[in-house]
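In case you want the letters, here they are:
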Amino acid sequence: MKKKKVLIHSNHCKAFTGFGKHTKNILLYLEKTGKYDLVEFSNGLKWGDPILSTLPWKCQGSLPNNPSLLRKLNQDPNLARSAGYGGQTIDKFIEEEKPDVYIGIEDIWAFSGYTDKKWWNKINSMVWTTLDSLPILPEAVKLAPKIKNYYSWASFASKELNRLGHGHVKTLHGALDTSKFFKLKDEEKTNIRKEQNIEPGDFVIGFVFRNQLRKSVPNLMEGFKIFCDQNPESKAKLLLHTHWKEGWDIPRLIKEKGIDSEKILTTYYCKNCKKYEIKPYREEDLNCRFCGAEKSQVTTNTKAGVSEEQLNEIYNLMNVYCHPFTSGGQEIPIQEAKLAELITLVTNYSCGEDCCTDDSGSFPLSWTEYREPGTQFIKASTNPQSIASQLKKVFKMKTSKARELGKKSREFVINNYSIEVIGKRLESIIDEMPEVDWDFNFETEEKNANYTPPYIKDDSEWVVDLYKNILKIELDNTDDGHKHWMKRLSEDMPRDDVLKYFKQVATQDNQKNQKIDFIELLDKDDEGSRLLISMPQSIGDIYLCTSLLKNIKETYPDYNIYFATKPEYFDILDGNPYIHKVIPYSKGLDSLPSMEGQGNHKGFFEVAFLPFIGTQRMLNYMHNGKDKIQFNLCT
């Protein structure tokens, strides 16, 4: 049997991020089944990056490898973000690989525009996304009807989308390799603490996180201070496993809260010998005490960080794990800490709700609602008093009870987040997807401007029929376009005018999408006496050009004037007595050397004017054969 080809689109599987870890786990699981032909599409890496060739499956980067194109994209933040998520290259990769299944694993905005792509519903397309706040992101709600296979990492988001009428949305947690994180023997823990200069009696509170502003570091600092003040005998230390040069200004917070900086620990990682060291923060680029390398130690980050084996040791240094946050999609460190049999304190909001159940081995942290400016998303401000209270509960807890809860924590993750459980569910989802029979023709489907709709009484059904049969677009009554036409029909526009508009759009689209070599549009009998004016857009510029046509024709009476513009502007030039022929503008018509000729290339026109271009890179004044040029649109 032919294997289904599955395309996984997310962070690169070797990235030190939550998405990266998850991608690695999923790919390794699916590869072990031997049932699929796997390909990976990695966000943020360049197309053809050599690092991508070292994997057991084919992998390609999402960013174009054209430096000039990248510079252009980076001038627009929206284009740059879209390119990072594959907006410029995904169609090319889909066309090359011809996957049966596409699985996009990212924040929902990464898939902006994807659901309207020609291939989206011709293959089995699945979005497996992280949503972190209520109300659900409007884009996530809007896209729901267009995503047949829609999965959220957290149950709160699935429940809310179900409540909003999208019953097909389901929960599928991010996958963890449970063999990587586990509780070490007491003797091993003691030895690791000794190596890291941590006393056996120190009460170590841990937080593993990317230093983003949605991680509630100020709240944790305040809760830690309250706990220390109330329980001085605890000899508490707060271990912040994060990068100190992004997000929160942690040294400033320590000073502001009046906390002894020696009580705040962090993880330094040596880029030379790959060893880690737990100690109070000083600065970045320290000398390594293990290998002696100078300026090689940095606080752990997404580009230089500890291995999973080392991270497991770090979890085992802790007595309790505390994860306060404003909102989150899953927060994988919570599950990793549970696998190390730590009691976890988690903000009881967003994805935190899944890890605060009675069987999860967690203590919930209470919070106060605040609204994010602009979006009005509900966010959680974790109560520092709740942090202090729950820390005290764990500190005072009998060892036997703590061990019992720790075992419960691990069992909870194995049953709900392990790669074996999640991978098996994903395997079933893929296997139940239908076979794909598609020729992968990326040519734009021709619109039907001659379609006559049957009598349909209901306006809503009539509009859907026009979209489907004239514009070749599948939609329903939730689409913005559908809502627009329903409003126009109810207020000011009769059906005949709506139909006329749809047919007009279809005609224009067909003209724009028609791929005809412009050479075929040139008359064969006027070679040597052609003149080109190339003005692709817009209405005002085209009108200005028409005011010059009489003088141009008088200057070149024996030349046929060809006017190149975009098809939607053809009407402006209809009936102009000076124009021999209007032709569709295409990219090749912006090159003077190509149009007029250069060297051994004869050219297609005796004279070409490109008034819409005025740069040194694309010259519009260096004409070939100055004796021909008696009129200059640039002057």
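A brief report on the enclosed structure follows. All of these numbers come straight from a predicted model, not from anything done at the bench.

**A closer look at the packing of helix H1 (residues 18-33) against helix H14 (residues 419-432)**
So, step 1. As a packed pair, H1 and H14 sit with axes 10 Å apart at the nearest point and diverge in direction by 65°. The two elements H1 and H14 cross, and the hand of that crossing is right-handed. Residues Asn 25, Ile 26, Tyr 29, Leu 30 and Thr 33 of H1 pack against Ile 419, Glu 420, Gly 423, Lys 424, Leu 426, Glu 427 and Ile 430 of H14.
So, step 2. Here the residues of the contact of H1 with H14 sort into six nonpolar, three polar and three charged.

**Section: the sheet that holds strand E5 (residues 124-129)**
So, step 1. With respect to topology, seven strands assemble into an open sheet ordered E3-E2-E1-E4-E5-E6-E7, the strand pairing being parallel. For this open sheet the edge positions go to strand E3 (58-63) and strand E7 (170-171), each flanked by a neighbour on one side alone.
So, step 2. Summarising the sheet, strand E2 (residues 36-46) and E3 pair through five bridges and their orientation is parallel. What sits directly across from Phe 41, in E3, is Gln 60.
So, step 3. Strands strand E1 (4-11), E2, E3 and strand E4 (101-104) of the sheet are contacted by helix H4 (residues 90-97), whose axis makes an angle of about 160° with E2.

**Topic: the pattern of salt bridges**
So, step 1. Counting across every chain of the model gives 29 salt bridges.
So, step 2. With a closest N to O distance of 2.5 Å, Lys 35 and Asp 431 form a salt bridge. Of this pair, Lys 35 sits in the loop between H1 and E2 while Asp 431 is found in helix H14, placing the two residues 396 residues apart along the sequence.
So, step 3. With relative accessibility at 36%, the residue Asp 431 sits in the partly exposed group.
So, step 4. One salt bridge in this structure joins Asp 492 and Arg 488, with 2.9 Å as the shortest N-O distance.
So, step 5. Through salt bridges with shared partners, a single ionic network connects Lys 5, Asp 37, Lys 58 and Glu 97.

**Details of the packing of helix H11 (residues 332-339) against helix H13 (residues 399-416)**
Relative orientation and spacing of two packed helices are given, respectively, by the angle between their axes and the distance between those axes.
So, step 1. Running from N to C, H11 and H13 cross one another at 125°; their axes reach a closest spacing of 7 Å. With respect to H13, the element H11 is oriented oblique. In the crossing of H11 with H13, the sense of the turn from one axis to the other is left-handed. Of the residues in H13, those touching H11 at Gln 335, Lys 338 and Leu 339 are Gly 406, Ser 409, Arg 410, Phe 412, Val 413 and Ile 414.

**Quick word on the nonpolar core**
So, step 1. Formed by 130 residues in total, the largest nonpolar core has its most connected members in Tyr 102, Ile 103, Trp 128, Ile 205, Leu 240 and Tyr 315.
So, step 2. Looking at this core element by element, the count peaks at seven residues for helix H8 (residues 217-230).
So, step 3. Other than its neighbours up to four places away in sequence, Trp 128 contacts His 22, Ile 26, Ile 103, Gly 104, Ile 105, Glu 106, Tyr 151, Trp 153, Leu 172, His 173, Ile 422 and Leu 426.
So, step 4. Among the nonpolar cores identified, the runner-up in size contains 18 residues, and Leu 466, Leu 475, Trp 485 and Val 498 belong to it.

**A look at helix H12 (residues 384-396)**
So, step 1. In this model H12 runs 18 Å from its N-terminal to its C-terminal C-alpha over 13 residues, within 8% of the 18 Å that 1.5 Å per residue would give.
So, step 2. Those residues of H12 not exposed but buried are Ser 386, Ile 387, Ala 388, Gln 390, Leu 391 and Val 394.
So, step 3. Check the buried side of H12 and you find it contacts strand E8 (203-208), H8, strand E13 (320-323), strand E14 (344-347), strand E15 (362-365) and strand E17 (378-382).

**Remarks on the pairing of strand E6 (residues 149-152)**
So, step 1. Burial along E6 is two-sided: the residues Asn 149 and Tyr 151 and Tyr 150 and Ser 152 are all buried.
So, step 2. As defined by bridge partners, E5 adjoins E6 across four bridges and the pair is classed as parallel. Each bridged residue has a counterpart across the sheet, and for Val 127 the counterpart in E6 is Tyr 150.
So, step 3. Following the chain from E5 across helix H5 (residues 138-143) to the adjacent parallel E6, one finds a crossover that is right-handed.
So, step 4. Where E6 lies against E7, two bridges are found, and the strand directions are parallel. Bridging from a neighbouring strand, Ser 152 pairs with Thr 171 of E7.
So, step 5. Chirality of the crossover, the property in question, places the unit of E6, helix H6 (residues 155-163) and E7 among those that are right-handed.

**Comments concerning the sheet that holds strand E21 (residues 607-609)**
Paired through their backbone hydrogen bonds, the strands of a sheet run either parallel or antiparallel.
So, step 1. Strand order in the open sheet made by the four strands is E20-E19-E18-E21, with parallel pairing throughout. At either margin of the open sheet sits one strand with a lone partner, and together these are strand E20 (581-584) and E21. Taken over all neighbouring pairs, the strand axes of this sheet differ in orientation by 20° on average, direction set aside.
So, step 2. Sheet analysis places strand E18 (residues 530-534) next to strand E19 (residues 560-565), joined by five bridges and oriented parallel. Bridged to Arg 530 within E19 is Asn 560.

**Some remarks on the side chain of Asn 124**
So, step 1. Position of Asn 124 relative to the elements: it lies in strand E5.
So, step 2. On the basis of relative accessible area, Asn 124 is assigned to the buried category, the value being 9%.
So, step 3. Contact partners of Asn 124, with chain neighbours within four places excluded, come to Asp 100, Val 101, Tyr 102, Met 433, Pro 434 and Val 436.

**Concerning unusual backbone geometry**
So, step 1. In this model, Leu 134 is joined to Pro 135 through a cis peptide bond whose omega is -10°.
So, step 2. Structurally, Pro 135 can be placed in the loop between E5 and H5.
So, step 3. Of note, the bond from Gln 537 into Ser 538 is cis; its omega dihedral lies within 30 degrees of zero at -5°.
So, step 4. Phi angles above zero are rare outside glycine, and Ser 350 is one such case at about 60°.
So, step 5. Checked against the element boundaries, Ser 350 lands in the loop between E14 and E15.

**Details of the environment of Asp 100**
So, step 1. Tracing the sequence through the fold places Asp 100 in the loop between H4 and E4.
So, step 2. Classification of Asp 100 by relative accessible area gives buried; the value is 6%.
So, step 3. Separated by 10 residues in sequence, Asp 100 and Ile 90 place their C-alpha atoms 15 Å apart.
So, step 4. If near-sequence neighbours (up to four positions away) are discounted, Asp 100 is found in contact with Lys 2, Lys 3, Lys 4, Lys 5, Ile 123, Asn 124 and Val 436.
So, step 5. Within polar-contact distance, the side chain of Asp 100 engages the backbone nitrogen of Lys 5 at 2.8 Å.

**Focus: H6**
So, step 1. For H6, the full list of buried residues reads Ser 155, Phe 156, Ala 157, Ser 158, Glu 160 and Leu 161.
So, step 2. Check the buried side of H6 and you find it contacts H5, E6 and E7.
So, step 3. Positioned one or two residues after H6, Gly 165 has a phi angle of 105°, which is positive.

Cut-offs and rules
- Residues numbered from 1 in each chain as written.
- Predicted model: local features only at pLDDT ≥ 70, side-chain atom pairs only at ≥ 80, totals over all residues.
- Heavy atoms only, no water.
- Axes fitted to C-alpha atoms, helices over the stretch in contact; angles between N-to-C directions.
- Helix = DSSP H or I, 4+ residues; strand = E, 2+ residues; numbered from the N terminus.
- Left-handed = near helix turned anticlockwise from the far one by under 90°.
- Contact = heavy atoms within 4.5 Å.
- Nonpolar A, V, L, I, M, F, W, Y, C, P; charged D, E, K, R; others polar.
- Pairing = 2+ DSSP bridges.
- Salt bridge = Lys/Arg side-chain N within 4 Å of Asp/Glu carboxyl O.
- Buried < 20%, exposed > 50% of the residue type's maximum accessible area, 1.4 Å probe, protein only.
- Parallel < 35°, antiparallel > 145°, perpendicular 65-115°, else oblique.
- Core = buried A, V, L, I, M, F, W, Y, C linked by side-chain atoms within 4.5 Å.
- Expected span 1.5 Å × (residues − 1).
- Right-handed = clockwise from strand over helix to strand, strands pointing away.
- Polar contact = N/O pair within 3.5 Å; in protein donor to acceptor, adjacent residues only side chain to side chain.

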